[in-house]
Amino acid sequence: MQQKKYSVEQRQFWFSWASKLLFTLISVKFWGLVASVSVSTYLIVNNSIGAGEWVTFNTTIWGLIFGMKEIFRVMEQKDMNETELADKKAEAREKIARIEASAITSSQSERSQYTPEGKEIVGNEPS
């Protein structure tokens, strides 16, 4: 999926930016990050966990979420490339089939044709 680039002065930029913000706020990733940071911050404030545990937990969660996001992005691009390649192969096969069909048709038209009595049918001579 190709994304369009807009400059800040264009109205589409702000619309695109607001849409991206809205979709981010709706996403599960966003709420997962908010919940994990909130819970871990609450636990560190109440001395239930230490600073090292807080850092380890949050970096692990953030790394997992954004790592999976990149993995899905790469796989989506791979799927799009494979689909494009399959389309090109199908197109090439179709073109070869058309060429073969036209070769067969032209070779059949070059064959002599005969009447039921066995006489050869000859076409008109070109003028």
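See the structure shown above.
Think of each chain on its own: its residues are numbered from 1, step by step along the sequence as written. Given that the model is predicted, a residue must reach a pLDDT of at least 70 before its local features are reported, and side-chain atom pairs must reach 80 or more before they are shown or counted; all residues, however, enter totals for whole chains, interfaces and linings. Neither water nor hydrogens contribute to the side-chain values; these are computed over all heavy atoms in the structure.

### Quick notes on the overall build of the chain
For step 1, the next point in the chain: Elements are defined by DSSP. Helices are runs of H or I of four residues or more, strands are runs of E of two residues or more, and each kind is numbered from the N terminus. For the chain, the count of helices and strands is three helices and two strands.
For step 2, the next point in the chain: Starting at the N terminus, the α and β elements of the chain follow one another as α-α-α-β-β.
For step 3, the next point in the chain: Residue burial is assigned from relative accessible area. The probe radius is 1.4 Å, only protein chains are included, and a residue is buried under 20% of its type maximum, exposed over 50%, and partly exposed in between. Scored against the burial criterion, the 127 residues of the chain give a buried share of 5%.
For step 4, the next point in the chain: Using a 1.4 Å probe, the Shrake-Rupley method yields the accessible areas, and only the shown protein chains count as cover for residues. When the accessible surface of the chain is summed, it comes to about 11400 Å², and 62% of that surface belongs to carbon and sulfur atoms.

### Some words on the packing of aromatic side chains
Geometrically, a pair of aromatic rings is defined through the distance of the ring centres and the angle of the planes.
For step 1, the next point in the chain: Only rings of Phe, Tyr and Trp enter the pairing, Trp through its six-membered ring, and a pair is recorded when the two centres are within 6.5 Å. The plane angle decides the type: under 30 degrees is stacked, over 60 is edge-to-face, the rest tilted. Per the stated rule, a full pass over the model turns up four aromatic pairs.
For step 2, the next point in the chain: Relative to tryptophan 31, the ring of phenylalanine 30 has its centre 5.0 Å away and its plane inclined at 80°; by these criteria the two rings are edge-to-face.
For step 3, the next point in the chain: Using a relative accessible area of 26% as the deciding quantity, one classes phenylalanine 30 as partly exposed.
For step 4, the next point in the chain: Taken together through their ring pairs, the aromatic side chains of Phe13, Trp14 and Trp17 make up a single cluster.

### Re unusual backbone geometry
For step 1, the next point in the chain: In the Ramachandran plot, asparagine 47 falls in the positive-phi region, its phi being about 55° despite a non-glycine side chain.
For step 2, the next point in the chain: Within the secondary structure, asparagine 47 sits in the loop between α2 (28–45) and α3 (51–110).

### Observations concerning the side chain of serine 27
For step 1, the next point in the chain: Tracing the backbone shows serine 27 in the loop between α1 (11–26) and α2.
For step 2, the next point in the chain: Taking relative accessible area as the criterion, serine 27 reaches 16% and is therefore assigned buried.
For step 3, the next point in the chain: Each polar contact in these results corresponds to two N or O atoms within 3.5 Å; when the atoms are within protein, one needs to be able to donate a hydrogen and the other to accept it, and residues that are neighboring in sequence are counted only if both atoms are side-chain atoms. At 3.2 Å, the side chain of serine 27 forms a polar contact with the backbone nitrogen of phenylalanine 30.

Read these as layout, nothing more, since geometry by itself doesn't imply function.
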